[in-house]
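# An overview of the molecular structure
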Amino acid sequence: MTSHDVVARIRRLARTRRVGHGGTLDPMATGVLVIGVGRATRLLTYVIGSAKGYAATIRLGQTTVTDDAEGEVLTTTPAGHVTDGAILAGLAALTGEVEQVPSAVSAIKIDGKRAYKRVREGEQVTLAARPVTISRLDPLAVRRPSPDVVDVDVEVVCSSGTYVRAIARDLGAGLGVGGHLTALRRTAVGGFTLAEASTLEALEKVAPEVVNLPLAEAARRFFAAREATVDEARTLSHGGPLDRAGIDGPYAVFAPEGGLLAIVREREGRARPEVVFTG
């Protein structure tokens with residue numbers, strides 16, 4: 001199932017076309033997908049850029065065309081000799097602020113065409129490295145299911161734009177045996193975690209009331225908050241700026257009765273709205 005498939009299901013359940021998601025998951029992956037319904041779709045641009053958490057399994061000893069288990073195997077190299085210590089050192093070397101080359105089979109566009117489409121058409125694709133932050137890359141287990149293969153379970157916390165498939169590829173390359181991703185589960189998007197996520201099956205039972213986190217509550221969890229006066233609420237409802245409050249933006253501004261008014265950012269000496277939810 002793709003992220004687009006999930007959105008299509010939610011549109012049917014919620015009985016509205018106004019549904020979007022806050023960051024694509026590969027079809028192989030499971031876990032957290034933040035969905036916006038109705039006016040909440042306007043918050044998704046902020047969700048997409050937030051940090052992500054993953055649980056993943058890296059297989060050492062094989063490379064694939066997609067850097068994950070969905071692609072055909074390109075090379076096989078016995079990895080049984082790779083020690084646990086070498087694996088830990090390899091993971092440590094990939095942690096922090098790094099320059100990462102995205103997987104060639106990705107949705108990044110090259111001259112207007114997705115990289116994965118170029119690869120499928122037989123082209124050799126090389127993407128430029130880009131800065132990403134891998135805050136945590138913690139080993140959970142090292143398993144040896146056969147003499148020539150090593151499976152490494154890891155926990156990852158990373159910035160938006162990081163490819164966990166590329167982490168698997170780079171770990172294998174650094175150890176000289178190749179590697180690819182065999183399992184991926186997203187455990188968190190920003191402050192939204194797997195523990196509070198709903199399954200599609202559960203949402204089927206409560207449709208069309210599929211929203212489990214109201215707009216204002218979601219905004220309070222995701223952004224710094226500012227409470228507006230009645231006059232400020234009136235100004236914002238018409239798209240006008242407020243006086244600065246000295247809050248790093250973007251941040252959420254709430255009406256006196258608690259509803260979400262706008263997402264604002266302070267610049268040029270004023271708190272200027274980026275998204276307005278009233279008026």
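Note that the structure is predicted; figures quoted are calculated from it, not measured. Residue numbers here run from 1 along each chain, matching the order of that chain's written sequence. Since the coordinates come from a predicted model, pLDDT governs what is reported: local features require at least 70, and pairs of side-chain atoms require 80 or more to be given and counted, while whole-chain, interface and lining totals use all residues. Hydrogens are left out, water is left out, and the side-chain values use all remaining heavy atoms of the structure.

Broken down by element type, the protein chain carries 8 helices and 18 strands. Based on the C-alpha atoms only, the size of the protein chain along its principal axes is roughly 70 × 45 × 40 Å. Remark: exposure states derive from per-residue accessible area (1.4 Å probe, protein chains only) relative to the maximum for the residue type, with buried under 20%, exposed over 50%, and partly exposed in between. Out of the 279 residues belonging to the protein chain, those deemed buried represent 42%. Contact definition: two residues touch when any of their heavy atoms are within 4.5 Å. For the protein chain, the proportion of contacts with a sequence separation of at least 24, taken over those separated by at least 6, is 63%. Using a 1.4 Å probe, accessible areas were evaluated by the Shrake-Rupley method; residue-level cover was limited to the displayed protein chains. A total accessible area of about 14,000 Å² is found for the protein chain, and carbon and sulfur atoms account for 51% of it. For the protein chain, the distance from the average position of its 34 positive side-chain charges to the average position of its 32 negative side-chain charges is 6 Å. Helix and strand assignments follow DSSP, with helices taken as H or I runs no shorter than four residues and strands as E runs no shorter than two, numbered in order from the N terminus. Only four residue types enter the tally: Lys and Arg on the positive side, Asp and Glu on the negative side, with His and both chain ends excluded. To locate a charge, the coordinates of NZ of Lys, CZ of Arg, CG of Asp or CD of Glu are taken.

These domain boundaries are the output of an automatic or database domain assignment. Taken domain by domain, the protein chain comprises domain 1 (3-49 + 191-206), domain 2 (52-188) and domain 3 (215-276). Relative placement of domain 2 and domain 3: their C-alpha centres are 40 Å apart.

Before going further, it helps to spend a moment on helix α1 (residues 3-14). Here, expected helix span is obtained from the residue count minus one, scaled by 1.5 Å. The terminal C-alpha atoms of α1, which comprises 12 residues, lie 16 Å apart, in line with the 16 Å expected from a rise of 1.5 Å per residue. For α1, the complete set of buried residues consists of S3, V6, V7, I10, L13 and A14. Along the long axis of α1, the arc covered by the buried residues comes to 125°, so they all point the same way. Away from its buried face, by an angle of more than 90 degrees, α1 presents the exposed residues H4 and R12. Against the buried residues of α1 lie β1 (19-21), β3 (35-37) and α6 (200-206). R15 sits one or two positions beyond α1 and adopts a positive phi of about 60°. The directions from the helix axis to the C-beta atoms are what the arc is built from.

Under the pairing criterion, centres of Phe, Tyr and Trp rings, with the six-membered ring standing for Trp, must be within 6.5 Å; the plane angle then separates stacked pairs below 30 degrees from edge-to-face pairs above 60, leaving the rest tilted. Tallied over the full model, the rule gives 3 aromatic pairs. Aromatic pair F192 and F222: ring centres 5.7 Å apart, planes at 5°, arrangement stacked. Within this pair, whereas F192 is found in strand β13 (residues 192-193), its partner F222 is found in helix α7 (residues 215-222), the two being separated by 30 residues in sequence. Classification of F192 by relative accessible area gives buried; the value is 11%. Arranged with centres 5.3 Å apart and planes meeting at 75°, the rings of F222 and F223 form a pair that is edge-to-face. Grouped by ring-pair contacts, the aromatic residues Y46, F192, F222 and F223 constitute a single cluster. The rule for a charge over a ring is simple: NZ of Lys or CZ of Arg within 6 Å of the ring centre, and within 35 degrees of the ring normal. R42 extends its terminal NZ or CZ atom over the ring of F277, reaching a point 5.5 Å from the ring centre. In this structure, R220 packs its charged tip against the face of F254, placed 3.8 Å from the ring centre.

With that settled, consider the UniProt feature "domain: tRNA pseudouridylate synthase B C-terminal" (unreviewed entry) in the protein chain. UniProt positions are given in the numbering used here, feature names are shortened, and annotations may be inferred rather than shown by experiment. Mapped onto this structure's residue numbering, the UniProt feature "domain: tRNA pseudouridylate synthase B C-terminal" (unreviewed entry) falls at residues 165-205. Taken end to end, residues 165-205 is 41% helix and 32% strand, and its two terminal C-alpha atoms sit 35 Å from one another.

A word on the nonpolar core. Each nonpolar core is a collection of buried residues, namely Ala, Val, Leu, Ile, Met, Phe, Trp, Tyr and Cys, held together in the definition by side-chain atoms within 4.5 Å. Ranked by size, the top nonpolar core spans 38 residues in total, and within it I58 and L60 carry the most contacts. For this core, the secondary structure elements donating two or more residues are α1, β4 (52-60), α3 (84-93), β10 (130-146), β11 (149-158), α5 (164-175), β12 (179-189) and α6. Residue contributions to this core reach at least three from each of two domains, namely domain 1 (3-49 + 191-206) and domain 2 (52-188). Core analysis: the second largest hydrophobic core is formed by 12 residues, L242, Y251, A262 and V264 among them.

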